[in-house]
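What follows is each chain in one-letter form.
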Amino acid sequence: VSSNSWIRVALTPAQADGDPADCAIVIDALRATTTIAALMDAGARSVTAVMDIDFARERARKTGAVLAGEVHGLAPDGFDLGNSPVEASEADIRSRDVVLFTTNGTRALCSARAAVIVAGSLTNLSAVVSLAAGHDRIAIVCAGNHGGTRFALEDFAVAGAYVSALLEGRERDINDEASVALRAVLGSEASVTSAAATLMRESDHASTTRALGLGQDVDFACQADISKALPVVVASGDGWVRLEDVQGARGAMTLRS
Ligand code: MLT
C-alpha cells in the first residue's frame, strides 16, 4: 500500500493535526452534520457553520439568513430553528441561506484543514464516500462532545462505517483509530451501517438527546443513505465556513469527463 494513500480517523478535532489531508470528512452524527444534510435536502442554498453564537446572530441579521442551532441541545432565544434534522427536513427554507451554530459540529467544521472539506453523517454516507473515494489522503474527523474535547461514540461508529466503505475496492493505510472504528462496526450485525446505528443509539449523546424530547432526531440520524447531499466547504473566514451542496456540480463534472 502506498503511504500516500491513507485514512486517518481523529477521535476529536484536536487529534486531526498532522499531515495534511486531501479530503476531510467531518462527522457530528448527533446532530450537526445530519442536520446540515437535511437542510440541504430541504433546499437551503448554503449553510454557514460558525464558531461563535454572537457572530451567528449578527451574520443572520445582516444577511437575512435563517438562524439555526443549539445551546445545551435546544434552539436559543431568537433562533428560527434548532439543530434538528427532523425540523430541518420540514422547514420552509428553499433557496435560503442558513447560519448554523452548535456546540461541537460547527466548531469541528471551522477547524478542519484539507483541500476538500465535507460534512458527513450516516444519512449521506454513500454520497460522501463517492466524493471522498477519489482522494488519496483522507482524514475522518469526529466532532466529539463537550466542545470537541471528549470522545463521542456516535461519531466514532459512523467513522467506522466510512472507513469500511472507503476500503472497498482500494487498499489504504489506516491508523489505529480507523482500525478500531472499523472493528466496532464489523461482524456483529447484518450490515456495517446497522451496526453503526446500534452504537449511535447506545451513545451518551443519544440518551441526552432523548431526555430533551428529541428522540426523533436520533431515529432520523440512524438512517443510512436517505440523503444524497454533499455539503462541501466552498468559502471560509475567521470562525466560519460556508457549505454548499455540490451534488449537482458533481453530476455536471461527470457528464463533462
Ligand atoms: C453539536 O454540534 O454540538 C451537536 O450536534 C449537539 C446537538 O445534538 O445539538
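**Structural notes on the packing of aromatic side chains**
- In total, this model carries 1 aromatic pair according to the counting rule given.
- Just above the ring of Trp6 sits the side chain of Arg8; from NZ or CZ to the centre is 3.9 Å.
- Above the ring of Trp240, the side-chain terminus of Arg59 is found at 4.5 Å from the ring centroid.

**Comments concerning the site of the ligand**
- Around the ligand sit Asp28, Leu30, Arg31, Ala32, Glu70, Asn83, Thr102, Thr103, Asn104, Gly105 and His205, and that is every residue in its neighbourhood.
- Between the ligand and Thr103, the relevant distance is 3.1 Å, taken from an oxygen atom to a main-chain nitrogen or oxygen of the residue.
- Between the ligand and Gly105 there is a distance of 2.8 Å, counted from an oxygen atom to a backbone nitrogen or oxygen.

**Some details on the environment of Gly64**
- Along the chain, the position of Gly64 falls in the loop between helix 2 (53-63) and strand 4 (66-69).
- Between the C-alpha atom of Gly64 and that of Glu154, which follows or precedes it by 90 residues, the distance is 33 Å.

**Description of the side chain of Thr34**
- As for its position among the elements, Thr34 is in helix 1 (residues 32-41).
- Beyond its immediate chain neighbours, meaning those up to four positions away, Thr34 contacts Asp28, Ala29, Pro85, Ser121, Thr123, Phe220 and Ala221.

**Focus on the pairing of strand 2 (residues 21-27)**
- Most of strand 2 sits inside the fold, with 7 of its 7 residues counted as buried.
- When strand 2 meets strand 6 (residues 114-120), the two strands line up parallel, connected through 6 bridges. Note that in strand 6 the partner of Ala24 across the bridge is Ile117.
- Bridge count between strand 2 and strand 7 (residues 137-142): 5 bridges; the pairing is parallel. Counted as the bridge partner of Ile25 is Ile140 from strand 7.

**Considerations on the state of the cysteines**
- Summed over all chains, the structure comprises 0 disulfides.
- Distance from the sulfur of Cys142, which forms no disulfide, to the nearest cysteine sulfur (Cys23) is 14 Å.

**Some words on the pattern of salt bridges**
- Counting across every chain of the model gives 9 salt bridges.
- Ionic pairing is found between Arg137 and Asp22, a salt bridge with its closest N-O pair at 2.9 Å. Residue Arg137 is located in strand 7, and its partner Asp22 is located in strand 2; the two are separated by 115 residues in the primary sequence.
- The class for Arg137 is partly exposed, based on a relative accessible area of 25%.
- Residue Arg45 is joined to Asp97 by a salt bridge in which the shortest nitrogen-to-oxygen separation is 2.6 Å. Of the two residues, Arg45 is situated in the loop between helix 1 and strand 3 (46-50) and Asp97 in strand 5 (residues 97-101); the sequence distance between them amounts to 52 residues.

**Concerning the packing of helix 6 (residues 153-167) against helix 7 (residues 176-185)**
- Across the interface, helix 6 lies against helix 7 with an axial gap of 7 Å and an inter-helix angle of 95°. Here helix 6 lies roughly perpendicular to helix 7, going by the angle between them. Of the residues in helix 7, those touching helix 6 at Phe156, Ala157, Ala159, Gly160, Ala161, Val163, Ser164 and Leu167 are Glu177, Ala178, Val180, Ala181, Leu182, Ala184 and Val185.
- Here the residues of the contact of helix 6 with helix 7 are counted per class, giving 12 nonpolar, 2 polar and 1 charged.

**Remarks on unusual backbone geometry**
- In this model, Leu30 is joined to Arg31 through a cis peptide bond whose omega is 5°.
- Note that Arg31 resides in the loop between strand 2 and helix 1.

**Regarding the side chain of Ser5**
- Mapped onto the elements of the fold, Ser5 is located in the segment before strand 1 (6-10).
- Looking at Ser5, its side chain comes within polar contact range of the side chain of Arg170, at 3.2 Å.
- Every residue in contact with Ser5, bar those within four places of it in the chain, is listed here: Asp136, Arg170, Glu171, Arg172 and Asp173.

**Some remarks on helix 1**
- Within helix 1, 9 of the 10 residues are buried, which leaves the element mostly enclosed by the surrounding structure.
- Turning to helix 1, its buried residues number three or more, namely Ala32, Thr33, Thr34, Thr35, Ile36, Ala37, Ala38, Leu39 and Met40.
- Of the residues trailing helix 1, Gly43 is marked for its positive phi of about 105°.

**Some thoughts on the pairing of strand 3**
- Counting buried positions over the 5 residues of strand 3 gives 5, a clear majority of the element.
- Burial of strand 3 is two-sided: the residues Ser46, Thr48 and Val50 facing one way and the residues Val47 and Ala49 facing the other way are all buried.
- Where strand 3 lies against strand 5, 5 bridges are found, and the strand directions are parallel. Among the inter-strand pairings, Val50 is bridged to a residue of strand 5, identified as Phe101.

What counts as what
- Residues numbered from 1 in each chain as written.
- Predicted model: local features only at pLDDT ≥ 70, side-chain atom pairs only at ≥ 80, totals over all residues.
- Heavy atoms only, no water.
- Phe/Tyr/Trp six-rings, centres within 6.5 Å; stacked < 30°, edge-to-face > 60°.
- Lys NZ or Arg CZ within 6 Å of the ring centre and 35° of its normal.
- Near = heavy atom within 4 Å.
- Polar contact = N/O pair within 3.5 Å; in protein donor to acceptor, adjacent residues only side chain to side chain.
- Helix = DSSP H or I, 4+ residues; strand = E, 2+ residues; numbered from the N terminus.
- Contact = heavy atoms within 4.5 Å.
- Buried < 20%, exposed > 50% of the residue type's maximum accessible area, 1.4 Å probe, protein only.
- Pairing = 2+ DSSP bridges.
- Disulfide = S-S within 2.5 Å.
- Salt bridge = Lys/Arg side-chain N within 4 Å of Asp/Glu carboxyl O.
- Axes fitted to C-alpha atoms, helices over the stretch in contact; angles between N-to-C directions.
- Parallel < 35°, antiparallel > 145°, perpendicular 65-115°, else oblique.
- Nonpolar A, V, L, I, M, F, W, Y, C, P; charged D, E, K, R; others polar.

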